[in-house]
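The residues making up each chain are set out below.
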Amino acid sequence: MRTIQQQDWLDKLAGEWAQPYYEQLQHKLDAEYAAGNVFPARGQIFNALEFTPYEQVRVVILGQDPYHGEGQAHGLSFSVQPGIAIPPSLRNIYKELESDIGCIAPAHGSLESWARQGVLLLNSVLTVREGLPNSHKGLGWEKLTDAVIAALNKREQPVVFILWGNHAQAKGSYIDTAKHGVIATVHPSPLSARRGFFGSRPFSKANEFLKQWNCEPIDWAIPPLQTE
């Protein structure tokens, strides 16, 4: 039964791996992957935790569930694999990134550079059936990702939580705002971005929190791929 390789997350979530819900989740996933296309690839499910160790987390960007198109999802919220068209929500994130701090949007949609710096790109649900958004809602992932957020909430070193949309805000409703920074706006999707996402300046605000805590700010500029 696969968990993750990142030792500090293994330790922080040790109480989850033996829980009945997690064992049941693994059996359900076995059946789902055997029956049809499920994203991301099984070896990429935990990329958010693999790329961003617990002690290195400075910012959390909370998504809902992975992209459900072929080749898109690779285990990081809002991010798509290189070579895949940039989805509309991510295009709006790039627009706000340029407006906020002047970063020119790259020609690709991979946010791995953020993850490697300490931005935990966590979805609430970590898998999805092809073409069926929210198809793995209620499968059991929510309990595990609640445990991830709870572990960060307990941490002595504060974290900035970026919560876009009602779902993310409900998921993060118990975050200790006396200790941690919370930036909450509408979702960057085309349906809602103009109702408060554009102009919200989440990237500069996140760095302001980090500077107040004497933490290194995030370099939000996304480098081009070597092939670009």
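By convention here, each chain's residues receive numbers from 1 onward along its written sequence. Under the rules for a predicted model, residues below a pLDDT of 70 receive no local features and side-chain atom pairs below 80 are neither given nor counted, while totals for whole chains, interfaces and linings still include all residues. To get the side-chain values, all heavy atoms of the structure are used, and hydrogens and water are removed first.

(A) Expanded view of the overall build of the protein chain. Numbered from the N terminus, helices here are DSSP runs of H or I no shorter than four residues, and strands are runs of E no shorter than two. The number of helices and strands found in the protein chain is nine helices and six strands. Two things to know: the radius of gyration comes from C-alpha atoms, and the globule rule equals 2.2 Å times the number of residues to the power 0.38. Its C-alpha atoms give the protein chain a radius of gyration of 17 Å, within 12% of the compact-globule value 17 Å for 228 residues. Overall, the protein chain is about 45 × 40 × 35 Å in size when its C-alpha atoms are taken along their principal axes. The buried label goes to any residue with under 20% of its type's maximum accessible area, the exposed label to any with over 50%, and the partly exposed label to all in between, with areas taken from a 1.4 Å probe on protein chains only. Split into buried and exposed, the 228 residues of the protein chain put 53% on the buried side. Within the protein chain, counting contacts between residues at least 6 apart in sequence, those at least 24 apart form 68% of the total. Reported accessibility uses the Shrake-Rupley method at a 1.4 Å probe radius. Residues are deemed covered only where the shown protein chains occlude them. Per element, the accessible surface of the protein chain, about 10400 Å² overall, is 50% carbon and sulfur. Lys and Arg are tallied as positive, Asp and Glu as negative. Neither His nor the chain termini are counted. Taken as the charge location is NZ of Lys, CZ of Arg, CG of Asp or CD of Glu. Computed over 20 positive and 23 negative side-chain charges, the separation of the two mean positions in the protein chain equals 5 Å. In this description, contact between two residues means that some pair of their heavy atoms is separated by no more than 4.5 Å.

(B) Geometry of the packing of aromatic side chains. Any pair of Phe, Tyr and Trp rings, taking the six-membered ring for Trp, is counted once the centres come within 6.5 Å. Such a pair is stacked with planes under 30 degrees apart, edge-to-face with planes over 60 apart, and tilted for the rest. Tallying each qualifying case throughout the model produces 13 aromatic pairs. Ring geometry for tryptophan 164 and phenylalanine 203: centres 6.4 Å apart, planes at 70°, overall edge-to-face. With tryptophan 164 in strand 5 (residues 160-164) and phenylalanine 203 in helix 9 (residues 202-212), this pair connects stretches of sequence that are 39 residues apart. Residue class for tryptophan 164 comes out buried when judged on its relative accessible area of 2%. Owing to a relative accessible area of 0%, phenylalanine 203 belongs among the buried residues under this scheme. Three or more aromatic residues joined by ring pairs make a cluster, and in this case those are Phe78, Trp114, Trp164, Phe197, Phe198, Phe203 and Trp220. Here, a charge over a ring means that NZ of Lys or CZ of Arg falls within 6 Å of the ring centre while also lying within 35 degrees of the ring normal. One Lys or Arg, arginine 155, reaches over the ring of tyrosine 54 and ends 5.7 Å from the middle of that ring.

(C) Quick peek at helix 3 (residues 20-35). Here the expected length of a helix is defined as 1.5 Å per residue gap, with one fewer gap than residues. Given a rise of 1.5 Å per residue, 16 residues ought to cover 22 Å, and the 23 Å separating the end C-alpha atoms of helix 3 matches this to within 8%. What helix 3 keeps buried is the set Tyr21, Tyr22, Leu25, Gln26, Leu29 and Glu32. Buried residues of helix 3 fall within an arc of 135° about the axis and therefore sit on the same side. With respect to the buried face of helix 3, the exposed residues turned more than 90 degrees away are Pro20, Ala34 and Ala35. Buried residues belonging to helix 3 abut helix 2 (14-17), strand 1 (38-39), strand 4 (128-129) and helix 7 (141-153). The arc in question is the one traced by the directions running from the helix axis out to the C-beta atoms.

(D) Looking closely at the sheet that holds strand 6 (residues 181-185). The four strands lie next to each other as 3-2-5-6, forming an open sheet whose pairing is parallel. The sheet terminates laterally at strand 3 (119-123) and strand 6, the two strands that pair on one side only. When strand polarity is set aside, the average angle formed by the axes of neighbouring strands in this sheet is 15°. Relative to strand 6, strand 5 is paired through five bridges, and the arrangement is parallel. The partner of tryptophan 164 across the bridge, within strand 6, is threonine 185. Here an axis means a line fitted to C-alpha atoms, over the contact stretch when the element is a helix, while the angle between two N-to-C directions is reported on a 0 to 180 degree scale. Sheet strands in contact with helix 7 are strand 2 (59-63), strand 3 and strand 5, and its direction is about 150° off that of strand 3. Strand pairing is defined by DSSP finding a minimum of two bridges between the two strands.

(E) Spatial organisation of the packing of helix 3 against helix 7. Relative to each other, helix 3 and helix 7 sit at 130°, their axes nearing to 9 Å. Overall, the two elements helix 3 and helix 7 adopt an arrangement that is oblique. Considering the relative orientation of helix 3 and helix 7, their crossing is left-handed. Across from Tyr21, Tyr22, Leu25, Gln26 and Leu29 in helix 3, the residues of helix 7 making contact are Trp141, Lys143 and Leu144. Residue polarity is assigned by list, with Asp, Glu, Lys and Arg as charged and Ala, Val, Leu, Ile, Met, Phe, Trp, Tyr, Cys and Pro as nonpolar; anything else, Gly included, falls into the polar class. Here the residues of the contact of helix 3 with helix 7 are counted per class, giving six nonpolar, one polar and one charged. Here the angle decides the label: under 35 degrees means roughly parallel, over 145 means roughly antiparallel, 65 to 115 means roughly perpendicular, and every other value means oblique. Less than a right angle of anticlockwise turn of the near helix away from the far helix marks a crossing as left-handed, whereas a clockwise turn marks it as right-handed.

(F) Representation of empty space enclosed by the protein within the structure. Only protein atoms enter the calculation, which uses a 1 Å grid: trapped sets of points that fit a 1.4 Å probe without letting it out are cavities, open sets showing protein on both sides within 12 Å along at least five of seven lines are pockets, and any residue with an atom within 4 Å of a point is a lining residue. Grid points are joined across faces, edges and corners, and a volume is the space filled by probe spheres set on the points. One pass over the full model with this rule turns up one cavity of 30 Å³ or more. Space inside the largest cavity adds up to approximately 40 Å³. Residue lining of the largest cavity: Ile45, Ala48, Pro66, Gly75, Leu76, Leu121, Leu122, Asn123, Val125 and Leu126, and that is the complete set.

(G) The arrangement of the pairing of strand 2 in detail. By the criterion of burial, strand 2 is predominantly enclosed, with five of the five residues buried. Of the two faces of strand 2, both are covered, the one formed by Val59, Ile61 and Gly63 as well as the one formed by Val60 and Leu62. Here strand 2 pairs with strand 3 via five bridges, running parallel. From the neighbouring strand, isoleucine 61 faces strand 3, where its bridge partner is leucine 121. In this sheet, strand 5 lies alongside strand 2 in parallel orientation, the contact comprising four bridges. Following the sheet pairing, leucine 62 is matched in strand 5 by leucine 163.

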